[in-house]
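Secondary and tertiary structure notes
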Amino acid sequence: MTSLLPIQACVPSTFSHLSLLGAEILSIDANPVSDYDFDIPVGWRYSQPAVNVQNATFCNVTVTYTHTGLDDNINIEVWLPEDNWNGRLQSLGGGGWVAGRFALTYGGMAGAIHDGYATATTDAGLGNDFSPVTWGLISPGNLNLVALNNFGQVSLGDEASIAKQVIESYYGKPPSYSYWNGCSGGGRQAGILAQQYPTAYDGIIAAAPALYWAEIMMSSTWPAFYMDLTKQYPRECELAQLTALAIGACDGLDGVEDGLIAEPEECRKIFNPPEYIGTTFRCSDTGLNTTISAAAVSVAEAIWDGPRFSNGDFLWYGYEIGSNLSALAAMTCAENGTCIPNGLMDLAFNYQYFVLKDPSANVTTLTYQQFDSMYRTLKKVFSSSVAATEPGIFDFQSSGGKMITYHGLADDAITPGSSLHYYEEVEKTVGSANDFYRYYRVPGLAHCWGGSGGQPEALFDQLRSWVENGTAPEASPVKIHLTANITKDEIICPYPKRAVFQQACTGSSVLECWSCVSK
């Protein structure tokens, strides 16, 4: 598409006709920006490659508005390329409890400007606090339901509407195509958009999405709760050794030994941790020989299995075998041997703010019954605001929308089982999910980026080709990290297909030796 030029000046009056149903525009700032630099690290763009942005020029528009009668104050920021607009919008998601307008979002926006996109973000009226400690309660005993609703969903529909109006005011035409790119909390926002604002974006990247907010809060604090409950505190080196043993047993399941577990379900079938209790290894923590304890096996299996109710019933999915157990079971130990799992702080915070609704409450430990009760309460609190769990995305499908999810199988923040569960729920509910929604599992990739797995940097362009040309994505190339300086080309495949390496392949390219095979 030919680059388009603005037809209006970068001044507030250009955008004076913006409107939003149920809201009042409070202020509009518009400022030209020139010589903007941002060296974007690998992974910060999730599904696009890193780029060193230099001397970028754009119009920075910030729209501040309030929903009538709700006493909120929300900022939407839109960057408009000065001389190379490609006719498209790419909005960037936030992370965790931050809706947007923070360093990670600005990195993605800089990359979007570099590639010719107009780009947008919102703060949902919450600033850039990384925790709801400043806004979660309006007073002890009272949740801030307006803020939760803005954070969870409302600001996202607002953002799409206002951003498109800003673009049309500046260039004289709306975007031809609109895209969303987000991971983690931004992936949750992506889910909300597909479920509740199905015509807002033509293409959506929903990477490692925090769709099941209550369940993810439970699974992320489960390791700490389990260790505190059972009084088992294994050394980090024991957990690391179990992971190394699992990788050694399961590495070759995809036909190549690359230090990654590509088939975690199959790995759980063949790897039996109790067999290694009492085996000796060199502990990096102490520099001495030690043995794998029953406690280490118990904690590892609890993390892989995921949280359970006090009666033993399934609550939610665990982290995949091959993820960083040392991080998941991190703890602080005193010289007298007393250990406190680090995750207990998050567990106590969640109970104080969202169950008791009293930040001054003294919460040091929870009984198993309180753990059960907390899940039921969190489920109710977030079901109508933050959770993005509706599988019936018929309207997104019928509007022609396309969505891609990727999730690293070594993610130690959000359980990959959550993404697989949602994909399968969409398949059951809507049917033929692959026609408009594809899910990629990425062996060895940590949360959004990092780890030994490859960053799926081609997926955004594949999404764009799917939306604009009807070319559905299949294999997507990744470059995995064998050591600090050695990489290897592999592929990832849309579920339920899996990537398999053909040992007898004589192709000129390594990628030719990989194929997507149905399970």
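In this text, all values refer to a predicted model and were calculated from it rather than measured experimentally. (Residues numbered from 1 in each chain as written. Predicted model: local features only at pLDDT ≥ 70, side-chain atom pairs only at ≥ 80, totals over all residues. Heavy atoms only, no water.)

1. What about the overall build of the protein chain?
Within the protein chain, the regular secondary structure consists of 13 helices and 19 strands. Here the protein chain has a C-alpha radius of gyration of 24 Å; the compact-globule value for 519 residues is 24 Å, and the two agree. Referenced to the eigenvectors of the C-alpha coordinate spread, the extents of the protein chain come out at roughly 75 × 65 × 45 Å. Each of the 519 residues in the protein chain was classed as buried or not, and the buried ones make up 55%. For the protein chain, long-range pairs separated by at least 24 residues make up 69% of all intrachain contacts whose partners lie at least 6 apart in sequence. (Helix = DSSP H or I, 4+ residues; strand = E, 2+ residues; numbered from the N terminus. Rg over C-alpha atoms; globule rule 2.2 N^0.38 Å. Buried < 20%, exposed > 50% of the residue type's maximum accessible area, 1.4 Å probe, protein only. Contact = heavy atoms within 4.5 Å.)

2. Some remarks on the side chain of Ser219
Along the chain, the position of Ser219 falls in helix α4 (residues 213-230). Residue class for Ser219 comes out buried when judged on its relative accessible area of 2%. If near-sequence neighbours (up to four positions away) are discounted, Ser219 is found in contact with Pro307, Trp316, Tyr317, Tyr319 and Thr415.

3. Quick look at the pairing of strand β9 (residues 203-207)
The side chains of a regular strand alternate between the sheet's two faces. Most of β9 sits out of view: 5 of its 5 residues are buried. Residue alternation in β9 divides its side chains into two sets, Gly203, Ile205 and Ala207 and Ile204 and Ala206, and both sets are buried. Direction of pairing for strand β8 (residues 177-183) relative to β9: parallel, over a ladder of 5 bridges. Across the sheet, Trp180 pairs through a bridge with Ile204, a residue of β9. A crossover connection joins β8 to the parallel β9 through helix α3 (residues 185-196); in handedness this β-α-β unit is right-handed. Of the pairings in the sheet, the one linking β9 to strand β14 (residues 402-408) comprises 3 bridges and is parallel in character. Its bridge partner lying in β14, Ile205 is registered against Ile404. (Pairing = 2+ DSSP bridges. Right-handed = clockwise from strand over helix to strand, strands pointing away.)

4. A short note on the state of the cysteines
Chemically, a disulfide is nothing more than a covalent bond linking the sulfur atoms of two cysteines. All told, the structure shown has 6 disulfides when counted by the stated rule. The disulfide that involves Cys250 links it to Cys267, with 2.0 Å between the sulfurs. A torsion of 80° about the S-S bond marks the disulfide between Cys250 and Cys267 as right-handed. Of the two residues, Cys250 is situated in helix α5 (residues 236-250) and Cys267 in helix α6 (residues 264-270); the sequence distance between them amounts to 17 residues. (Disulfide = S-S within 2.5 Å.)

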